[in-house]
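Chain and residue survey
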Amino acid sequence: MRSPGGPVTHDGLLPASVEVRQKEKHGGVARLHDPLQNLADLLGPQTSCERLPRDAAPDDSADRAATQTNLGIACAQRANGNRSQNWKLAIAGFEDAPSGLTRERNLGVALPTSRDVRDNDRSQEFARLRDSLQELTDILALQRNRESAPRREKVPEEDPGWATAHMKLGLAYAQRDDGDRSQNWEMAIAAFEDALSVLTRERDPEQWATARMNLGVAYRDRLVGDRSDNLKRAICAIEDSLSVWTRERNPEQWAAARMNLGIAYWECHAGDRQENQERAIRAFEDCLSVWTSGRDPEHWATIKSNLGVAYRERRAGHRWENQERALGALEGALSVLSRECNPEEWAAARMNIGITCWQRIAGYRSENKERAIAAFEDALSVWTRETNPEGWAAARMNLGIAYWERPVGDQAENRERATETFEDVLSVWTRETNPEEWATARMKLGAAYLERPTGDRAENLERAIFAFEDALSVWTREADPEEWAAAHMKFGMAYRERLAGHRSENRERAIACFENALSVWTRKRHPKEIVAARAHLETACRERFGEWLENRIASAAR
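Report follows, based on the coordinates. (Residues numbered from 1 in each chain as written. Predicted model: local features only at pLDDT ≥ 70, side-chain atom pairs only at ≥ 80, totals over all residues. Heavy atoms only, no water.)

**Some thoughts on the packing of aromatic side chains**
Just so we agree on the cut-off: Two aromatic rings from Phe, Tyr or Trp, using only the six-membered ring of Trp, form a pair when their centres are within 6.5 Å; if the ring planes differ by under 30 degrees the pair is stacked, by over 60 it is edge-to-face, and anything between is tilted. For helices the rule is a DSSP run of H or I covering at least 4 residues; for strands it is a run of E covering at least 2, with both sets numbered from the N terminus onward. Only protein chains enter the calculation, and the probe is 1.4 Å; a residue is then buried if its accessible area is under 20% of its type maximum, exposed if over 50%, and partly exposed in between.
Taken as a whole and judged by the stated rule, the model has two aromatic pairs. Here the aromatic rings of Phe468 and Phe491 are separated by 6.3 Å at their centres, their planes lie at 65 degrees, and the arrangement is edge-to-face. Placement of the pair is Phe468 in helix H18 (residues 457–472) and Phe491 in helix H19 (residues 481–497), with a sequence separation of 23 residues. Grouping residues by exposure puts Phe468 and Phe491 together as buried. Taking 5.0 Å as the distance between ring centres and 45 degrees as the angle between the ring planes, the aromatic pair formed by Phe491 and Tyr495 counts as tilted. Separated by four residues within a single helix, Phe491 and Tyr495 lie in helix H19, roughly one turn from each other.

**Here's the deal with the nonpolar core**
Note the following rule: Take the buried residues of types Ala, Val, Leu, Ile, Met, Phe, Trp, Tyr and Cys, join any two whose side-chain atoms come within 4.5 Å, and each joined set is a nonpolar core.
One finds Met351, Trp383, Trp429 and Trp521 to be the most contacted residues of the largest nonpolar core, which totals 72 residues. Top element by residues in this core is helix H15 (residues 389–404). It accounts for ten residues. Counting residues in each nonpolar core, the second largest holds 54 residues, with Ala174, Trp185, Met187 and Ile235 among its members.

**So, the pattern of salt bridges**
Cut-off, in case you're wondering: Salt bridges, as used here, are contacts in which a Lys or Arg side-chain nitrogen is within 4 Å of a carboxyl oxygen on Asp or Glu.
Summed over the entire model, instances satisfying the criterion amount to 30 salt bridges. Residue Glu278 is joined to Arg314 by a salt bridge in which the shortest nitrogen-to-oxygen separation is 2.8 Å. Here the residue Glu278 occupies a position in helix H10 (residues 273–287), and Arg314 occupies one in the loop between helix H11 (297–313) and helix H12 (319–334), the gap between them amounting to 36 residues. In this structure, Arg406 and Glu370 form a salt bridge, with 2.9 Å as the shortest nitrogen-oxygen distance. Here Arg406, found in the loop between H15 and helix H16 (411–425), pairs with Glu370, found in helix H14 (residues 365–380); they are 36 residues apart in sequence, far enough to count as distant. We classify Arg406 as partly exposed; its relative accessible area is 23%. A relative accessible area of 27% places Glu370 in the partly exposed class. Each of Glu275, Arg279 and Arg282 takes part in salt bridges that share partners, so that together they form one network.

**Observations concerning the packing of H11 against H12**
The description of two packed helices rests on the angle between their axes and on the distance between the axes. As a reminder of what qualifies: Structural elements are reduced to axes, namely lines fitted to C-alpha atoms, with helices fitted over the stretch in contact, and the angle between N-to-C directions of any two is expressed from 0 to 180 degrees. The labels follow the angle: roughly parallel below 35 degrees, roughly antiparallel above 145, roughly perpendicular from 65 to 115, and oblique for the rest. In this scheme the handedness of a crossing depends on how the near helix is turned from the far one: anticlockwise by less than a right angle means left-handed, clockwise means right-handed. Whether two residues touch is decided by their heavy atoms; if any such pair falls within 4.5 Å, the residues are in contact.
For the pair H11 and H12, interaxial distance at closest approach is 7 Å and the crossing angle is 160 degrees. Judged by the inter-axis angle, H11 sits roughly antiparallel to H12. Crossing hand, H11 versus H12: left-handed. Of H12, the residues touching H11 (which contributes Trp300, Ala301, Lys304, Ser305, Leu307, Gly308, Tyr311 and Arg312) are Asn322, Arg325, Ala326, Ala329, Leu330, Gly332 and Ala333.

None of this, on its own, says anything about what the molecule does.
Right, dumping it as structure tokens:
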């Protein structure tokens with residue numbers, strides 16, 4: 001659970017944190033974008049928004065099938081126009097192609113990695129992709145949705161071409177730009193499972209391993225069902241692929257599988273969390289025995305970025321040593337990535353360096369903080385509210401925390417900058433769409449107004465109280481005990497200092513808040529927090545007694 005006062009490190013906010021999903025619109029299974037674009041370039045401009053007339057070629061001719069397939073490819077890769085409409089036109093083109101296509105080919109399927117492991121031979125790539133797309137056309141119409149297109153009652157027992165077509169269909173649904181994303185993942189899982197109903201480890205080891213790999217990534221990124229169960233299935237499926245692929249015989253596939261297995265273990269919170277982290281780290285390090293900065297720079301940089309975050313969050317070992325390893329790995333990634341060629345990945349690496357420097361134990365505190373601020377500002381030179389609102393909000397949030405706790409410079413100016421950034425973040429994060437992040441931002445904004453050295457003190461305290469109330473509308477003692485306790489502590493401080501309202505009522509609310517915080521915090525885990533809460537509670541109780549005594553004396557005097 002993220003500490004309310006710490007940097008935002010939520011994986012869903014930062015591209016390339018502990019994940020190696022595609023840095024495009026969707027992640028998980030490898031996109032066919034690059035090879036399709038290459039094919040579309042070879043085929044020439046096919047940018048018409050209308051289908052080719054059916055009398056352009058005989059209905060059952062191979063020429064017409066190729067033309068319609070090519071039209072589908074061109075629409076799928078069209079650079080301009082509405083993406084959803086282009087995808088529909090592509091599907092229509094594939095559906096218009098005749099269904100009587102060969103099913104005897106045994107073709108390779110794209111690996112589910114963050115980057116396609118492509119064959120350098122362009123002509124072979126063209127032939128493979130052309131064949132696989134043709135095999136896909138005869139089942140696209142039948143698989144438009146999982147409910148209306150039940151699986152065949154009798155699956156061909158030895159039909160690798162049919163299995164390959166289903167594999168391609170699964171990849172297409174996994175990377176589909178339009179439609180319901182959750183439903184698309186369900187369709188992808190159904191297609192991969194269909195392929196596995198034909199493929200076997202003994203007869204089709206390579207295709208079976210690829211299908212298990214794809215299925216594992218689909219379950220890992222699945223949006224419905226129990227998250228823990230999905231990750232268990234993902235780990236099992238990816239480990240199955242590694243029973244076929246070895247480092248000696250299939251180095252690229254083996255590295256891709258180890259990478260995706262590491263992601264699944266990192267995201268798995270069931271069982272021993274520390275052991276899952278260690279397994280993830282070992283898997284990422286294994287990949288570096290195949291992918292190098294010279295031969296596979298992008299793969300290598302992605303793994304180094306993953307290792308950087310993994311070491312920073314690692315529970316085992318010495319914290320300072322893990323932080324130094326994390327910095328080394330992230331700086332290694334930046335030796336390959338550049339703002340010009342890899343803006344998203346570069347920004348994510350700079351963001352993670354900023355978080356690591358802010359938490360760093362070694363070195364001079366002021367230097368680490370300045371490095372963190374510079375890194376967050378670098379990330380914001382790429383991420384904007386319009387192009388990447390989630391990344392922008394996370395970086396702005398971290399920058400605000402950094403300025404608030406900055407040990408150098410004018411404190412009042414640093415605090416004002418921090419307050420402005422927290423307010424900026426709330427233009428993206430809302431209670432409805434990002435409840436946890438919204439509560440964190442409201443908490444930080446409340447703390448900023450509580451301790452604000454400028455402006456009207458009474459107004460600042462009212463804003464602080466309102467912000468803490470918002471945070472506590474999301475956090476509960478049962479689900480978020482750490483955050484709930486921290487919010488009550490600040491809430492109590494705001495009520496104790498409140499200038500508006502009745503003094504004794506404010507004090508009673510403050511006392512209740514301090515007691516709530518102390519009901520969660522323990523001496524072992526929160527020694528400093530307990531000391532502070534008890535000090536505030538004792539002061540409030542003394543003030544209460546003092547007021548009671550004054551009233552008694554005044555009453556006796558009358």
